[in-house]
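Architecture at a glance
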Amino acid sequence: MTTKELMPKFPPACYVNKHILIVNPKEFRRLEGVTINNSRIFMMVCSGEMDILLNGEECIAGSGMFFDCIDTTTIHIKRCDSSLRAWCVMVTFEFARQSLKNMRPVPFDHLGKPIITKNMSLSPKSTAIIEQQLTLLASAVANKEHFYHKELSELFYKSFCLELGNAIMASSQTKDKPETKLSRKDFATLNFMKLVTKHFAREHSIGFYAQELNVSPKHLARMVKELTGKTPHNIICDELTHEAMALLEDDRMSVRSISERLCFSDQAAFCKFFKKQIGISPMEYRMKSKTFEKE
């Protein structure tokens, strides 16, 4: 089930319709037996244990365990024990984009690690701080009467992301080197992701990245697909799409200018690409984003 499909299964106080769903420890058991996919998922266990399947792999999630999952990850929550206290946050891309305004609260190296390690263990102090942020976020989401309800929800989501980024950085500095060592595949994939972030606007071809990494396009495709669930082409297209969406939200740039900035052959090629990715034309998206901001 996706974020939007799960929302009706929870009280209205748990979500901002079509934007964010936050499941507190009291409501968490509603997720038992549920499979979540095609969603950006944050999940933290404060105490107790639960059995889950993470992309089909068995995992026992205990106290202090935090999951940061991209939309290619599938989580099935098999069993929650009686003492479990856990949180789950699911957001749509549009809500996260509006909240963070293109800011990366965690350096790119660390953003890649959850894709590879799938989970991380937080210290009791970090767990308590993150739970405090989640409590504030849950209160903002539940306060439907607040005149700035959506804006307040965005603010506390951003605050949660910043505290999470700080916790990840603190954790990475205290771990022993053997625990943080990446395999050659992990390292190559992270380097590919860094290159895409730097060059995606000008370099749309997989061949460019394969050459930079001194591997064949087929080998690169195999490594990236294995570790991220996406092809290199998908990842390049995602970056182009996300950047295009951000640029379209700024009325100062014409569609033609955006197509030139992203190095498409012409405006028609850009419009065709964008509609294939999003399902609507660039101008339709621009109008939709204006409506989103007014909601």
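You'll find the structure just up there.
All of these numbers come straight from a predicted model, not from anything done at the bench. (Residues numbered from 1 in each chain as written. Predicted model: local features only at pLDDT ≥ 70, side-chain atom pairs only at ≥ 80, totals over all residues. Heavy atoms only, no water.)

Regarding the pattern of salt bridges
A pair can form between side chains of opposite charge whenever their charged atoms are brought close. Put simply, the test is: What counts as a salt bridge is simple: a side-chain nitrogen of Lys or Arg found within 4 Å of a carboxyl oxygen of Asp or Glu. Numbered from the N terminus, helices here are DSSP runs of H or I no shorter than four residues, and strands are runs of E no shorter than two. Residue exposure (1.4 Å probe, protein chains only): buried if accessible area is under 20% of the type maximum, exposed if over 50%, otherwise partly exposed.
Tallied over the full model, the rule gives nine salt bridges. Among the ionic pairs, aspartate 51 bridges to arginine 79, the shortest N-O distance being 2.9 Å. Highlighted residues: aspartate 51 in strand β5 (residues 50-54) and arginine 79 in strand β8 (residues 75-80), separated in sequence by 28 residues. Residue aspartate 51 is classed as buried on the basis of its relative accessible area, which comes to 18%.

Digging into the environment of leucine 213
Our working rule: We call two residues in contact when some of their heavy atoms are within 4.5 Å.
Assignment of secondary structure puts leucine 213 in helix α8 (residues 206-213). Considering only alpha carbons, one finds leucine 213 and threonine 189, 24 residues apart in sequence, at a separation of 9.6 Å. Apart from residues lying up to four places away in sequence, leucine 213 is in contact with Ala188, Asn191, Phe192, Leu195 and Leu220.

Quick look at α8
Rules: Under this definition, polar contacts are N or O atom pairs within 3.5 Å; protein pairs additionally need one hydrogen-donor-capable and one acceptor-capable atom, and for neighbouring residues in sequence, both atoms have to be side-chain atoms.
Burial in α8 covers these residues: Phe208, Tyr209, Ala210 and Leu213. Buried residues belonging to α8 abut α7 (184-199), α9 (217-228) and α10 (232-248). The backbone nitrogen of glycine 207 lies 3.1 Å from a side-chain oxygen of the residue at the head of α8, namely serine 205. Phi turns positive one or two residues past the end of α8, at asparagine 214, with a value near 60°.

Some points on the sheet that holds strand β3 (residues 35-36)
Quick note on the threshold: When DSSP finds at least two bridges between two strands, those strands are taken to pair.
Ordered by their spatial adjacency, four strands build an open sheet running β3-β8-β5-β6, and the pairing between neighbours is antiparallel. Each edge of the open sheet carries a strand with a single partner, namely β3 and β6 (57-61). Two strands pair when backbone bridges link them, and β3 and β8 are joined in this way by two bridges, in the antiparallel orientation. Across the sheet, residue isoleucine 36 finds its bridge partner in β8, namely isoleucine 75.

Side note on the environment of methionine 7
Tracing the chain through its elements places methionine 7 in the loop between α1 (3-6) and β1 (15-16). Along the chain, methionine 7 and histidine 19 lie 12 residues apart, while their C-alpha atoms are 9.7 Å from each other. Those residues in contact with methionine 7 that lie beyond four places of it in its chain are Tyr15, Val16, Asn17, Lys18, His19, Ile20 and Leu21.

Examining the side chain of aspartate 68
Here aspartate 68 lies in strand β7 (residues 65-69). With relative accessibility at 8%, the residue aspartate 68 sits in the buried group. Looking at aspartate 68, its side chain comes within polar contact range of the side chain of arginine 40, at 2.4 Å.

Brief notes about the packing of aromatic side chains
Given two aromatic rings, one states the distance between the centres and the angle between the planes to describe the pair. Just so we agree on the cut-off: Working definition: a ring pair exists when centres of Phe, Tyr or Trp rings (six-membered ring for Trp) sit within 6.5 Å. Plane angles under 30 degrees give stacked, over 60 give edge-to-face, the rest tilted.
Under the definition given, this model contains 12 aromatic pairs. Ring geometry for phenylalanine 147 and tyrosine 148: centres 4.9 Å apart, planes at 85°, overall edge-to-face. For phenylalanine 147, a relative accessible area of 72% corresponds to the exposed category. When its relative accessible area of 48% is taken as the criterion, tyrosine 148 is described as partly exposed. Aromatic pair phenylalanine 208 and tyrosine 209: ring centres 5.0 Å apart, planes at 85°, arrangement edge-to-face. For the pair formed by phenylalanine 208 and tyrosine 209, the shared burial category is buried.

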